[in-house]
Amino acid sequence: MKNSQSIFVVSGVVQCVGFRYHTSRQAQKLAISGYAKNLNDGRVEVLAVGESGQVDKLYQWLQVGPASASVDNVVKQRVGEDEKRNVRIGEFQIL
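Residues numbered from 1 in each chain as written. Predicted model: local features only at pLDDT ≥ 70, side-chain atom pairs only at ≥ 80, totals over all residues. Heavy atoms only, no water.

By the naming in an unreviewed UniProt entry, the protein chain is acylphosphatase, taken from Vibrio chagasii. UniProt annotates the protein chain under Catalytic activity (unreviewed entry) with the comment "an acyl phosphate + H2O = a carboxylate + phosphate + H(+)". One UniProt comment on the protein chain, placed under Sequence similarities (unreviewed entry), says "Belongs to the acylphosphatase family." (UniProt positions renumbered as here; feature names shortened; annotations may be inferred.)

*Asks:* I'd like a description of the nonpolar core, backed by residues and values.
*Replies:* Across soluble globular proteins, nonpolar side chains show a tendency to be buried alongside one another. Of all hydrophobic cores here, the largest spans 20 residues; its most connected members are Phe8, Val10, Phe19, Ile32, Val46, Leu58 and Leu62. Put simply, the parts of the chain that give this core at least two residues each are β1 (3–13), α1 (19–29), β3 (44–51), α2 (52–62) and β4 (70–78). In terms of residues, this core owes the most to one element, α2, which gives four residues. With near-sequence residues (within four places) excluded, Leu62 lies in contact with Phe8, Val10, Phe19, Thr23, Val46, Val71 and Val74. (Core = buried A, V, L, I, M, F, W, Y, C linked by side-chain atoms within 4.5 Å. Buried < 20%, exposed > 50% of the residue type's maximum accessible area, 1.4 Å probe, protein only. Helix = DSSP H or I, 4+ residues; strand = E, 2+ residues; numbered from the N terminus. Contact = heavy atoms within 4.5 Å.)

*Asks:* Just give me the short version of the sheet that holds β3, but keep the residues and values in it.
*Replies:* The strands that make up a sheet are held in pairs by hydrogen bonds between backbone atoms, and each pair lies either parallel or antiparallel. Read across the open sheet, the five strands follow the order β4-β1-β3-β2-β5; overall the sheet is mixed. The sheet is open, and its two edges are formed by β4 and β5 (92–94), each paired on a single side. Averaged over all adjacent pairs, the angle separating strand axes in this sheet is 20°, with direction ignored. Both strand β2 (residues 33–38) and β3 contribute to a ladder of six bridges, which runs antiparallel. Within β3, the residue paired with Ser33 across the bridge is Val49. Along the sheet face, α1 touches β1, β2, β3, β4 and β5 and points at about 175° away from the line of β5. Those strands touched by α2 are β1, β3 and β4, and its axis lies near 150° from that of β3. (Pairing = 2+ DSSP bridges. Axes fitted to C-alpha atoms, helices over the stretch in contact; angles between N-to-C directions.)

*Asks:* Lay out α1 with the relevant residues and their values.
*Replies:* Among the residues of α1, those classed as buried are Phe19, Thr23, Ser24, Gln26 and Ala27. For α1, the arc enclosing every buried residue in end-on projection is 165°, short of the 170-degree limit, so these residues lie on one face. Tucked into the core, α1 has its buried residues touching β1, β2, β3, α2, β4 and β5. Just downstream of α1, Ala31 is the residue with a positive phi angle, here 60°. (Arc of directions from axis to C-beta.)

*Asks:* For the UniProt feature "active site" (unreviewed entry) in the protein chain, give the residues involved together with the corresponding values.
*Replies:* Under the UniProt annotation, the feature "active site" (unreviewed entry) is placed at Arg20 and Asn38. Annotated residues spanning 19 residues; largest pairwise C-alpha distance 8.0 Å, indicating a single compact cluster. Topologically, Arg20 is positioned in helix α1. A residue is classified by how much of its surface remains accessible, and Arg20, at 24% relative accessible area, is partly exposed. There is a polar contact of 3.4 Å between the side chain of Arg20 and the side chain of Asn38. In this structure, Asn38 sits in strand β2. In contact with Asn38, not counting residues within four places along its chain, are Gln15, Arg20, Arg43, Val44 and Leu95. (Polar contact = N/O pair within 3.5 Å; in protein donor to acceptor, adjacent residues only side chain to side chain.)

Listed below in structure tokens is the structure:
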């Protein structure tokens, strides 16, 4: 299976509701590395690094999120080969 990197920007009620924590737990279940961080405008950015099919599963999950959140939109951007970020495999950080 092919590894991929994608950045997701999630909007809605996604800060102060445990969104990053739940995203981290979901990513760990799917063997995805990367991070989740709050943006100044109230959105959350997620970098997902892992097997393409697992990254797609995280994308599907992000569109709903945890019960405490209310997701309005998820923008997905695949990271190109020349833009890939160094990520510790097996580590998903909450920034």
